[in-house]
Amino acid sequence: MSDASDLSGGEESQEEDVLTPAELITKLEEAWLNEKFSPELLENKSELVECVMEQLSHMEENLQRVRKGDVKASVHRMEIDRIRFVLSSFLRSRLQKIEKFFPHVLEKEKSRADGDPSFLSPEEFAFAKEYLANTEVYLQAVALKHMPPNLQSIDMLKAVPEPCLDSFVFLRVKEKQENILVEPETDEQREYVVDLDEGSQHLMRYRIIAPLVASGAVQLI
Amino acid sequence: MFCEKAVELIRELHRMGDGQLPAFNEDSIRQVLEEMKVLYEQNQSDVNEAKTEGKSELIPSIKFRHCCLLRNQRCISAYLYDRLLRIRALRWEYGSVLPTAIRFHMCAEEMEWFNQYKKSLATYMRSIGGEEGLDITQDMKPPKSLYIEVRCLKDHGEFEIDDGTVILLKKNSQHFLPRWKCEQLIRQGVLEHVIS
């Protein structure tokens, strides 16, 4: 489909690589799947989101210029809808996790070092803070302020469950990894070491491969 | 036995599956809060007695009442928080305006929470991508087909589609139209997507 690049507009430049539209969408899909299958909130991808939004508006503009009734138009329209779905689903996954684990997400953001990558975009951070404040104000107003003096507060960090990092996830290996330490499952087992070959697929506890998801060495599926 | 009313609240929510929101049980909550007040006052007086008259045999019952107080607090918080989660789901299902039937089941403070949540969500969605934002409460399902079956809910007059044909949108008529053309009208409530 040589027309794909006609309608998809120009290229997006980032700090180091220049991503073609196709590469951009692949990156979006990878981020989407990782976020969907990971039990915890992953690093935020604001740049990617911005690029995809720009891409979508390029495509919409180009679509307006196409001759009406051209069959290509409907196929490209479908492509726009699909990309918008993936982007929406990605952002929804993130928002759901932010709401589900809100005290922990905020705590993690507060205690990260200055150089470390942020897990929340500034807008997500604002949303999370508002969610916390809103919920605390509500609980106070309806119940807590009517309770005995020593019971008028709740520790949100204890009350709201943390993400379960020991959940099992399916993954595909993108970059070969050696000597990954696996904890024993039962008392009879001992910890052992596995090598992850490129292209192989595994089912493991998220906790073991969490850093590999962040670095892009494995892809959750 | 203490804490029974509190556990009843939990059971009430547990019974209503599927995210339904039962009416706000103000009565039960008031009763639990009342029980907490009584337990606390009994503990206050027992603690004083134990301290001034050295009656250490009061301590087990003091501890017991404290446990009941904690359990009541926990049950009430769980009840209220679970309701909030159900209310949050309503924003994603029904949109910004809730059906009246559901609103009657919410207390004033829950309505306030809902309004604040709506505002936060709207601010966040507007900020996506740096320009006009993105309404992520749409596109909930992957787009499957180019054309969809729609039913017309109101008279909307003539409607031209891409290949030039003109459709007359009369109330209750059904049409097979390109999906992207209909989205705007579906959101406005002129058309309804018919899912067979």
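Residues numbered from 1 in each chain as written. Chains lettered and ligands numbered in written order. Predicted model: local features only at pLDDT ≥ 70, side-chain atom pairs only at ≥ 80, totals over all residues. Heavy atoms only, no water.

Enquirer: When you look at the overall build of chain A in this model, what are you seeing that I'm missing?
Expert: Helix and strand content of chain A: eight helices and seven strands. The C-alpha atoms of chain A give 22 Å as radius of gyration, which overshoots the globular expectation for 221 residues (17 Å, by more than 25%). The dimensions of chain A, computed from C-alpha atoms along their principal axes, are 70 × 50 × 30 Å. With 221 residues in all, chain A has 44% of them scored as buried. Restricting to contacts in chain A with at least 6 residues of sequence separation, those with at least 24 account for 69%. Per element, the accessible surface of chain A, about 12,100 Å² overall, is 50% carbon and sulfur. Both charge centroids of chain A, one from 26 positive and one from 43 negative side chains, sit 6 Å from each other. (Helix = DSSP H or I, 4+ residues; strand = E, 2+ residues; numbered from the N terminus. Rg over C-alpha atoms; globule rule 2.2 N^0.38 Å. Buried < 20%, exposed > 50% of the residue type's maximum accessible area, 1.4 Å probe, protein only. Contact = heavy atoms within 4.5 Å. Areas by Shrake-Rupley, 256 points an atom, 1.4 Å probe, with all protein chains shown as cover. Lys, Arg positive; Asp, Glu negative; His and termini not counted. Charge placed at Lys NZ, Arg CZ, Asp CG, Glu CD.)

Enquirer: Whenever I open this one, the nonpolar core confuses me. Can you help?
Expert: Note that soluble globular proteins tend to have their nonpolar side chains buried in a common cluster. Residues L87 and L91 of chain A together with L80 and I136 of chain B are the most contacted members of the largest nonpolar core, which totals 79 residues. By residue number, the principal contributor to this core is helix α3 (residues 59-94) of chain B, which donates 11 residues. Look past the residues within four positions of L87 of chain A in its chain and what remains in contact with it is L28, V49, V52, M53 and L56 of chain A together with L134 of chain B. With 17 residues, the next largest nonpolar core counts L196, I208, A217 and L220 of chain A among its residues. (Core = buried A, V, L, I, M, F, W, Y, C linked by side-chain atoms within 4.5 Å.)

Enquirer: Got a minute to help me understand the interface of chain A and chain B in this structure?
Expert: When the parts of a complex come together, some accessible area is lost, and that lost area is often used as the size of the interface. Listed by partner, the interface residues are 42 residues for chain A and 45 residues for chain B. Regarding the contact of chain A and chain B, the summed buried area is about 4,000 Å², with carbon and sulfur atoms giving 69% of it. Inspection of the chain A/chain B interface yields two salt bridges. Between R88 of chain B and E99 of chain A there is a salt bridge, with the nearest N and O atoms lying 2.3 Å from each other. Between chain A and chain B we count 12 residue pairs in polar contact (both at pLDDT 80 or more) in total. At the level of secondary structure, the elements contributing two or more residues to the side of chain A that touches chain B comprise α3 (46-65), α4 (71-100) and α6 (122-142) of chain A. Looking at the side of chain A that touches chain B, the element that brings in the most residues is α4 of chain A, giving 14 residues. (Buried area = accessible area lost by both parts, 1.4 Å probe. Salt bridge = Lys/Arg side-chain N within 4 Å of Asp/Glu carboxyl O. Polar contact = N/O pair within 3.5 Å; in protein donor to acceptor, adjacent residues only side chain to side chain.)

Geometric values such as these leave the question of function open.
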